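Read off the chains here:
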Amino acid sequence: MSEVESEPDGLVVAMTRDAAGLVTWVEESVVDLLGWQPDQLVGQPSTRLIHPEDQGPAVAAWMDMITAPDETWLWRGRYQSADGRWVWVEVTNRCELDGQTIHTTMQRVSVEQVGIEEELRAREELLSRLSDALPVGIFQFDRAGTIVFTNDQLFEILGTAPAARIDGQFANVVPEDRALLARAAAATLAGERADDVELRLDVPRADGVPCERVCVVSLRPLTDSTGAPVGAVGCVNDVTDRVLLRRELEVRASIDALTGCLNRGTVLQMLEDELATPRPEGTAVVFVDLDRFKFVNDRFGHATGDAFLRCAAQRLHTAIRQQDRVGRFGGDEFLVLCPGVTDEQHAQRIARRIRLALEGPVDINGAVIELHASVGSSWTAEPIPADTLIERADALMYAKKQAERTRDELVGTR
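The written sequence of each chain sets the order in which its residues are numbered from 1. The model is predicted, so local features are restricted to residues of pLDDT at least 70 and side-chain atom pairs to those at 80 or more, both for listing and for counting; the totals for chains, interfaces and linings are taken over all residues. Hydrogen atoms and water are omitted, and side-chain values are computed over all heavy atoms in the structure.

## Observations regarding the nonpolar core
Line of reasoning, step 1. We define a nonpolar core as any set of buried Ala, Val, Leu, Ile, Met, Phe, Trp, Tyr and Cys residues linked to one another through side-chain atoms lying within 4.5 Å. Partly exposed describes any residue whose relative accessible area lies between the buried limit of under 20% and the exposed limit of over 50%, with all areas from a 1.4 Å probe on protein chains only and scaled to the type maximum. Ranked by internal contacts, the top residues of the largest apolar core, which has 32 residues, are V286, V288, L290, F308, F334 and I354.
Line of reasoning, step 2. Helix and strand definitions here come from DSSP, where helices need a minimum of 4 consecutive H or I residues and strands a minimum of 2 consecutive E residues; each element is numbered from the N-terminal end. Of all the secondary structure elements, the ones that give two or more residues to this core are β12 (282–290), α10 (293–300), α11 (302–319), β14 (333–341), α12 (344–358), β15 (360–364), β16 (367–371) and β17 (373–380).
Line of reasoning, step 3. With eight residues, α11 is the single largest residue contributor to this core.
Line of reasoning, step 4. Beyond its immediate sequence surroundings of up to four residues, V288 is in contact with L316, D332, E333, F334, I354, L358, A373, S374 and V375.
Line of reasoning, step 5. Listed in part, the 24 residues of the second largest apolar core include F141, F155, I166 and V203. It only takes one pair of heavy atoms within 4.5 Å for two residues to be counted as in contact.

## Structural notes on the pattern of salt bridges
Line of reasoning, step 1. Throughout this description, the term salt bridge denotes a Lys or Arg side-chain nitrogen within 4 Å of a carboxyl oxygen of Asp or Glu. Applying the stated criterion across every chain, the model contains 17 salt bridges.
Line of reasoning, step 2. Taken together, the salt bridges that share partners define one network made up of E53, D54 and R78.

## Quick notes on empty space enclosed by the protein
Line of reasoning, step 1. Using protein atoms alone on a 1 Å grid, points that fit a 1.4 Å probe yet trap it form a cavity, whereas open point sets bounded by protein on both sides within 12 Å along at least five of seven lines form a pocket; residues with an atom within 4 Å of a point count as lining. Grid points are joined across faces, edges and corners, and a volume is the space filled by probe spheres set on the points. Applying the stated criterion across every chain yields a total of one cavity of 30 Å³ or more.
Line of reasoning, step 2. Taken as a whole, the largest cavity holds about 40 Å³ of empty space.
Line of reasoning, step 3. Lining the largest cavity, in full, are M15, V23, L34, L41, S46, L49, Y79 and M106.
Line of reasoning, step 4. When residues are sorted by character, Ala, Val, Leu, Ile, Met, Phe, Trp, Tyr, Cys and Pro go into the nonpolar class, Asp, Glu, Lys and Arg into the charged class, and all the rest, Gly among them, into the polar class. Partitioning the lining of the largest cavity into residue classes produces seven nonpolar, one polar and no charged.

## Regarding helix α7 (residues 178–189)
Line of reasoning, step 1. To estimate how far a helix should reach, multiply one less than its number of residues by 1.5 Å. The first and last C-alpha atoms of α7 sit 17 Å apart over 12 residues, in line with the 16 Å expected at 1.5 Å per residue.
Line of reasoning, step 2. Remark: G191 follows α7 within two positions and exhibits a positive phi of approximately 100°.

## Considerations on the side chain of D256
Line of reasoning, step 1. Residue placement: D256 occurs in the loop between α8 (240–254) and α9 (264–276).
Line of reasoning, step 2. The residues contacting D256, other than those within four sequence positions of it, are C261, L262, N263 and R328.

## Quick look at the sheet that holds β17
Line of reasoning, step 1. Strand order in this open sheet of four strands is β13-β14-β12-β17, and the pairing throughout is antiparallel. At either end of the open sheet lies a strand with only one pairing partner, and these are β13 (325–328) and β17. Ignoring strand direction, the axes of neighbouring strands in this sheet form an average angle of 20°.
Line of reasoning, step 2. A pair of strands is considered paired only if DSSP assigns at least 2 bridges between the two. Judged from the eight bridges that link them, β12 and β17 form a sheet pairing that is antiparallel. Bridge assignment links V288 to a residue of β17, and that residue is V375.
Line of reasoning, step 3. Note on method: axes are straight lines fitted to C-alpha atoms, helices fitted across the in-contact stretch only, with angles between N-to-C directions ranging 0 to 180 degrees. Contacting β12, β14 and β17, α12 runs over the sheet at an angle of about 160° to β17.

## Observations concerning a negative patch on the surface
Line of reasoning, step 1. To count toward a patch, a residue needs a relative accessible area above 30% and no salt bridge. Like charges then connect within 9 Å, nonpolar side chains (Val, Leu, Ile, Met, Phe, Trp, Tyr) within 5 Å. Only the protein chains shown count as cover for residues, with accessible areas throughout obtained via the Shrake-Rupley method and a probe of 1.4 Å. Just so you know, the count uses Lys and Arg for positive and Asp and Glu for negative, and it drops His and the chain ends. Taken as the charge centre is NZ of Lys, CZ of Arg, CG of Asp or CD of Glu, depending on the residue. A contiguous patch of negative charge on the surface is contributed by E272, D273, D387, E391 and D394.
Line of reasoning, step 2. Counting only elements with at least two residues in the negative patch, the list comes to α9 and α13 (386–413).
Line of reasoning, step 3. The element contributing the most residues to the negative patch is α13, with three residues.
Line of reasoning, step 4. Classification of E272 as partly exposed rests on a relative accessible area of 40%.

## Observations concerning the packing of α10 against α11
Angle between the axes and distance between the axes are the two parameters that describe a pair of packed helices.
Line of reasoning, step 1. Running from amino to carboxyl end, α10 crosses α11 at an angle of 140°, the nearest separation of the two axes being 7 Å. Contact residues: α10 offers F293, V296, N297 and F300, while α11 offers H302, T304, G305, F308 and L309.

## Quick notes on α11
Line of reasoning, step 1. For α11, with 18 residues, the first-to-last C-alpha span of 26 Å sits near the 26 Å given by 1.5 Å per residue.
Line of reasoning, step 2. Among all positions in α11, only T304, G305, A307, F308, L309, C311, A312, A313, R315, L316 and A319 are buried.

## Observations regarding the pairing of strand β5 (residues 86–95)
Line of reasoning, step 1. The element β5 is extensively covered by neighbouring structure, given that eight of its 10 residues are classed as buried.
Line of reasoning, step 2. Where strand β4 (residues 72–80) and β5 come together, nine bridges link them in antiparallel fashion. Bridge pairing in β5 places W73 opposite N93.
Line of reasoning, step 3. A loop of five residues connects β4 with β5, the two strands running antiparallel in sequence, and G84 in this loop sits at a positive phi of about 95°.
Line of reasoning, step 4. Where β5 and strand β6 (residues 101–108) come together, seven bridges link them in antiparallel fashion. Residue pairing for β6: R94 is matched across the bridge by H103.

Written out as C-alpha cells, the structure reads:
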C-alpha cells in the first residue's frame, strides 16, 4: 500500500458534484491538496479516488446526505493523490434542495486525527473478523431502526440479504411473531434488555417453497456518555433442531404409543380447556367401549388384541369430524372430544356415526373377529367440570350395553 499523507496545511478545496457523484467543478487549489489538475477530475466519479477500505462508509454517508437535502454531512477517509499516495481528508457535503447539486469542501486531517481514525478502523476490523467467526448472527441498529452493523452468519440464519432497516432484515419472520420482535426492540431502546425472544421464520428454499426455521434473539441497549440509549446490539441463534426435538418429545408425551390416539391425560386436558373457553356452541363427548375385548385377548393372544385396538382407533379416526379429537381413555375405552356441537341431538348423531363405523369384522393375521362397541354421548353448553360430562356419557354407554346384553339374552331364550 502507498504511503499515507496526513500533514495538515489549512488548505480547503471546494468542488461540486452531481447526484451520481461525478465531479462537475473543482477549485484550482486541488493541485496543492491532491496533485491532480482540475480537468483531470471533472467528469470523473469521485469514488475512483477513494481508498477501497473507505468505499463502503463513503457510499453510505453519500446516500444519507442525498436523502436529507440542505443538511451538512461530515465524512473522513483516504483520497489518492496524483503521485499514488493516500491523503487523509475531511469532507463536508451538502445537497441542494433540488437533489441534483452537491457542494463539497475538502481539507487534510491532522496527524492526531489520523491516528484516532486508524485506531477506530483497526478496532472495527477486529470486531468484524471476530463476529464473522461466531456461530451466531450479530447485528446493531440505531434508534431509528437503521442497521449499523451485521455479520455474515446473520444473513445465513435469517435467509435475507443485507437490508437497511431492522424490519427488512427480519422480513422472513412469520406475521404472528413480528410484534414480539417489535416489542423487544422498543424495550431495548428504552434501556431494558431482551432475552431469548423466540421467532419463527419462513425461509424460502432454492425451489421457492418456504422452510420453517426457528431462531432466538437477545438484545442489549447501547448508550451514550450520559447513559441514554442510542441503539442496540443483538445476537440471533438458530434453534430449529432444538425446537423440533422439543416438539417431537411433546408429541410423544401426549400420544398413546399403541393406537396413535391422544393419551388419557392429554384428552382430559383438552376437554377441560374446551369447557373453560366461552363459545357460542356447545361441547360433546362420546364414550366408546369395545365389546368382548377380554375374549379377544384370551382367545387370540395379546398381540392380536393390540392389533384389534389399533384397528378400532383407525376406524374411529375415519368417523370423526376434522375438529374432533380421539383419546385412548383406558384399556379398551376411547373418548372422543367434539367441539362446536349445537345440541344433544347433534351429539347423538355423531355417536351413531362412530358406532356404525366401528361395527364389522376385522381380519388380523387370518383371524376374522367381529368388532362391536358400546357408545354413549353427552353434551353441554355450560362450563361444567369435564368429569361430569364424561360420567354422563359413560352412564349412557353402560345403560346401552346393559340393554343390548338383556336383548341378546332374551333372544337366546326363545
